[in-house]
Amino acid sequence: MLRESGGIGLLLNMESFTCVATSKVESKRMRKGIAVSPGVAIGTAYCIHEVFVHPGREVIQRQDIAAELARFENARKQSLHDVRLLQTKVQRQIGKEAAAIFSTHESILQDPALVGKVRTWISQDLFSAPAALAKLVEYYQGIFHKSRDEYLRERLTDIRDVVERLSSFLSDALQTGSDALTGSVIVVADELLPSQVVMLGSKAVHGIITQAGGQTSHAAIIARSRGIPAVSGVTHILRQAKTGDTVIVDGRDGHVIVNPNAEVLAAYRKLEREFVDLRDHLAHNRDQPAITADHESLDLMANINGIGDAQSAVRMGASGVGLYRTEYLYLAHTSVPSEQEQFEIYRDVVNAAPNHRVTIRTLDIGGDKSVPFLGRTQFEANPFMGWRSIRLSFEHPAFFLQQIRAILRAAGTVELTDEGKCSQVDILFPMVTNLEELRRLRAFMRKAEQQLRMEHKPYGKVGFGMMVEVPAAAIMIDQLLPAVDFVSIGSNDLVQYLMAADRDNPKVSHLCQPLSPAVIRLLESVVRACNSQGKPVTLCGEMAGQPQAFVLLLGMGLRRFSMSPAFVPSIKELASHISLPVAKQVLASAMRQKTNRKIHRMLTEQLLRLAPNLRPIIMQ
Ligand code: PEP
Ligand code: MG
């Protein structure tokens, strides 16, 4: 196992250096946000969705009017083509009602008054096309916002949707594949939608900065799973940074520096190199077993969003996939993927995953993610507490069955591991609240199996699991356990619901903390109940990859963890420094503390004592 590394030593030296270097920066170039994905990155800013952030700023020259009008017309045609395709596909696969939204969008794109306004602002007021679209949103906002009429407010959201689609064709190099994204790119956005992050996968994105979002927003989760340094909650950064600026993202402490001076740049370049070295160095333990200092075996699995992550889970030495978030499959598709498409993707993911072990979670849409073809959630006052996950799937039975069938079929394609063991596929249902839901889910499973049997389609047996992420389910866990084969604790949601603090709202991020006494107490009781009933339990929220939380979970008796692949090597290394009796003692003393600040401090001190060479990881 890795003990002392050159990379770590260098990093320690750089810590004090960073303070010196950053103190010389004019304060206005330096901004503070929430560190959501560790590491340091330097690159060229690429600002997206400026249309909503810089309304009315951009002006064109008179000789460019014709070209700008043509650019708008081109984007309009492409958008029309998009919505028509979506309409047909959604209608075929889900139904007329769900497809209706696209016919509304089609009418908006063809509305002479609306299109005329954009053209006039371009040709008479010399607005750029994105600026004219921003003005359009402002204009309709002025009219509709005052209205209490739900219907009118809905039209405003439709207009925003359409404008977003248009502006992505106008200015989003991520979609159009323009040359704007070359070299090392730092994406700067208000809030990165999951579908945009998916598209970032193939580009050289080295860092992400967002104005909104928090630790467990999906953009943050994806950034972590890709090992991309990210900082969120940097208010008004889009007013400060422009596309083309040089930007530093320091995902260790949440600093962002725009156009740094040469000295700071050189210092951070060194830091960036050292982070990459450290990461590569730790990844060398990929073939070592995951064991504690007293040789207790652990299951360190990976959270993935698709096949690329499954491959990086193998590279990082994960023992399997503890959480496959299937929603990214839908978000990356412009329309509903068919059962066959889903089956093939799941099968390929199982094939690529470590030991061909995959826990596939059914669609967890709603909350901060929506797919237009499954209906709207954006009018709910509390979307995270509303129509999301299985609540939404239940209302689309044909669609839900299609996903379950695809998962069962993927489980039926037997893959052999290097050791000759069979693949293992389990199904996991998100946001389970009560026993009635579990019974309904079982009925869906039975129906899917029955259909496949009748159709003579091969399928495999899967474990039936529930996520524990709603406090009601956590409290009633002893009564729910007999109805499931395994449990996975979704601490990202469990913490936000327990603390009544939105996981994506930087203003309440001090409350949405997994190390809060209330969270620790609840988690301890869930793990205890699962262990006493002999039901396998995993924790798949982001805290599984955080050193301070990891030691507590170990002390609680948890042996299965699922985290962003990039964190597996460092947690494996950390585990090798901690014995179970020590973890239990640390937990006992954490449970005596009354504030999360004290808990965090105590844990950090203990970890630094137990694994001093892992200081950069512990201090992240
Ligand atoms: C969770 O809530 O902890 C979880 C793993 O699910 P997600 O982050 O996808 O909501
Ligand atoms: Mg969740």
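Residues numbered from 1 in each chain as written. Chains lettered and ligands numbered in written order. Predicted model: local features only at pLDDT ≥ 70, side-chain atom pairs only at ≥ 80, totals over all residues. Heavy atoms only, no water.

Trainee: Explanation requested: the overall build of the protein chain in the structure shown.
Mentor: Scanning the protein chain from N- to C-terminus turns up 27 helices and 16 strands. Buried residues in the protein chain amount to 58% of all 620 residues. Summed over its atoms, the accessible surface of the protein chain is roughly 25,400 Å², and 52% of this surface lies on carbon and sulfur atoms. (Helix = DSSP H or I, 4+ residues; strand = E, 2+ residues; numbered from the N terminus. Buried < 20%, exposed > 50% of the residue type's maximum accessible area, 1.4 Å probe, protein only. Areas by Shrake-Rupley, 256 points an atom, 1.4 Å probe, with all protein chains shown as cover.)

Trainee: What's the story with the site of ligand 1 in this structure? I'm lost.
Mentor: Taken together, 15 residues are adjacent to ligand 1, and R325, R361, G490, N492 and R503 come closest. Here an oxygen atom of ligand 1 sits 2.7 Å away from a polar atom, N or O, in the main chain of N492. One of the side-chain nitrogen or oxygen atoms of D493 is found 3.0 Å away from an oxygen atom of ligand 1. When the free accessible area of ligand 1 is taken as 280 Å², the share hidden by the protein chains comes to 100%. Taken together, the elements giving at least two residues each to the shell around ligand 1 come down to α10 (218–226), β10 (321–325) and α21 (491–499). With three residues, the top contributor of residues to the shell around ligand 1 is α21. Of the residues that constitute the shell around ligand 1, the class distribution is four nonpolar, five polar and six charged. (Near = heavy atom within 4 Å. Polar contact = N/O pair within 3.5 Å; in protein donor to acceptor, adjacent residues only side chain to side chain. Nonpolar A, V, L, I, M, F, W, Y, C, P; charged D, E, K, R; others polar.)

Trainee: What should I look at first to understand the environment of M431 in this one?
Mentor: As for its placement among the helices and strands, M431 is situated in the loop between β12 (424–429) and α18 (435–454). On the basis of relative accessible area, M431 is assigned to the buried category, the value being 1%. In contact with M431, other than residues within four places in its own chain, are D364, F384, R388, S389, I390, R391, E437, M467, E469, V470 and Y497. (Contact = heavy atoms within 4.5 Å.)

Trainee: Sorry, what's going on with the side chain of R224 here?
Mentor: Along the chain, R224 turns up in helix α10. Only 2.3 Å separates the side chain of R224 from the backbone oxygen of V36, close enough to count as a polar contact.

Trainee: I keep staring at the nonpolar core and nothing clicks. Help me out?
Mentor: Side chains of a nonpolar character, in soluble globular proteins, are inclined to be buried together. Residues F429, V487 and F561 are the most contacted members of the largest nonpolar core, which totals 108 residues. Not counting residues within four places of it along the chain, the set of residues in contact with V487 comprises M466, V468, I477, L481, C530, P536, V537 and T538. (Core = buried A, V, L, I, M, F, W, Y, C linked by side-chain atoms within 4.5 Å.)

Trainee: Explanation requested: the sheet that holds strand β7 (residues 246–250) in the structure shown.
Mentor: The pairing of strands in a sheet happens through backbone hydrogen bonds and is either parallel or antiparallel. Spatially, the eight strands line up as an open sheet ordered β1-β8-β7-β3-β4-β5-β6-β2, and their pairing is mixed. The open sheet terminates on both sides in strands that have one partner only, identified here as β1 (30–32) and β2 (34–37). Going from strand to strand, the sheet's axes swing by 30° on average, the running direction of each strand aside. As paired strands, strand β3 (residues 40–47) and strand β4 (residues 185–189) are joined by four bridges and run parallel to one another. In the sheet register, Y46 faces β4, and the bridge partner there is V187. (Pairing = 2+ DSSP bridges. Axes fitted to C-alpha atoms, helices over the stretch in contact; angles between N-to-C directions.)

Trainee: Would you mind going over the pattern of salt bridges with me for this structure?
Mentor: Pairs can form between side chains of opposite charge once their charged atoms are near each other. Considering all chains together, one arrives at 24 salt bridges under this definition. Put simply, R405 and E455 hold a salt bridge, and the shortest N to O gap is 2.7 Å. Residue R405 is located in helix α17 (residues 397–411), and its partner E455 is located in the loop between α18 and β13 (463–468); the two are separated by 50 residues in the primary sequence. According to the relative accessible area criterion, R405 is buried, its value standing at 6%. (Salt bridge = Lys/Arg side-chain N within 4 Å of Asp/Glu carboxyl O.)

Trainee: I would appreciate a short explanation of the sheet that holds β13 in the present structure.
Mentor: Spatial strand order, β9-β10-β11-β12-β13-β14-β15-β16: eight strands in a closed barrel with parallel pairing. Direction aside, neighbouring strands of the sheet carry axes that sit 25° apart on average. In this sheet, β12 lies alongside strand β11 (residues 357–361) in parallel orientation, the contact comprising five bridges. Its bridge partner lying in β12, T359 is registered against D426.

Trainee: Would you mind showing me how to read helix α24 (residues 568–575) here?
Mentor: One turn of an α-helix holds 3.6 residues; hence residues three or four places apart share an orientation. With eight of its eight residues buried, α24 lies for the most part within the structure. Among the residues of α24, V568, P569, S570, I571, K572, E573, L574 and A575 are the ones counted as buried.

Trainee: What am I meant to see in the coordination of the magnesium ion (ligand 2) here?
Mentor: Note on metal sites: the ideal angle is 109.5 degrees for four tetrahedral donors, and 90 or 180 degrees for six octahedral donors. Protein-derived coordination of the magnesium ion (ligand 2) comes from E469 (OE) and D493 (OD), at a distance range of 2.1 Å. Here E469 is found in the loop between β13 and α19 (471–475), whereas its partner D493 is found in helix α21, with 24 residues between them in sequence. Exposure class is identical for E469 and D493. Each is buried. (Donors = N, O, S within 2.8 Å, 3.2 Å for Na, K, Ca; no water.)

Trainee: Got a minute to help me understand the confidence of the model for the protein chain in this structure?
Mentor: Should pLDDT be low for a region, the predicted coordinates there are not to be read in detail. Per-chain confidence: the protein chain averages 84 in pLDDT, with 84% of residues scoring 70 or above. Here residues 50–56 is a poorly scored stretch, pLDDT under 50, and it has 19 contacts once near neighbours within four places are set aside; other chains count. (pLDDT = per-residue confidence, 0-100.)

Trainee: Teacher, can you tell me more about the pairing of β4 here?
Mentor: Consecutive side chains of a regular strand alternate in pointing toward one face of the sheet and then the other. Across the five residues of β4, five count as buried, placing the element largely inside the fold. Of the two faces of β4, the one lined by V185, V187 and A189 and the one lined by I186 and V188 are each fully buried. Where β4 lies against strand β5 (residues 205–210), five bridges are found, and the strand directions are parallel. Paired with A189 across the two strands is T210, which belongs to β5.

Trainee: Would you mind going over a positive patch on the surface with me for this structure?
Mentor: Residues K594, R597, K598 and R601 make up a contiguous surface patch of positive charge. Among the structural elements, K594 can be located in the loop between α25 (580–592) and α26 (596–610). Accessibility expressed as a relative area gives 74% for K594, which makes it exposed. (Patch = residues over 30% accessible without salt bridge, like charges linked within 9 Å, V, L, I, M, F, W, Y side chains within 5 Å. Lys, Arg positive; Asp, Glu negative; His and termini not counted. Charge placed at Lys NZ, Arg CZ, Asp CG, Glu CD.)

Trainee: Looking at this structure, I do not really get the packing of aromatic side chains. What am I missing?
Mentor: Aromatic ring pairs are reported here in terms of the distance separating the ring centres and the angle at which the planes meet. Tallied over the full model, the rule gives nine aromatic pairs. Aromatic side chains F429 and F464 sit 5.4 Å apart centroid to centroid with 50° between the ring planes, which places their arrangement in the tilted category. One end of the pair, F429, is in strand β12; the other, F464, is in strand β13, with 35 residues separating them in the sequence. Accessibility classification places F429 together with F464 in one group, the buried group. Ring geometry for F550 against F561: centres 4.8 Å apart, planes inclined by 50°, an arrangement best described as tilted. A residue pair is termed long-range when its members are at least 10 positions apart, and F550 in helix α23 (residues 547–556) and F561 in strand β16 (residues 560–563) qualify at eleven residues. For F561, a relative accessible area of 0% puts it in the buried group. Put simply, the rings of F394, F400, F429, F444 and F464 touch in pairs and so form one group of aromatic residues. Above the ring of F343, the side-chain terminus of R347 is found at 5.4 Å from the ring centroid. The ring of F343 has R409 lying over it, and the distance from NZ or CZ to the ring centre is 4.3 Å. (Phe/Tyr/Trp six-rings, centres within 6.5 Å; stacked < 30°, edge-to-face > 60°. Lys NZ or Arg CZ within 6 Å of the ring centre and 35° of its normal.)

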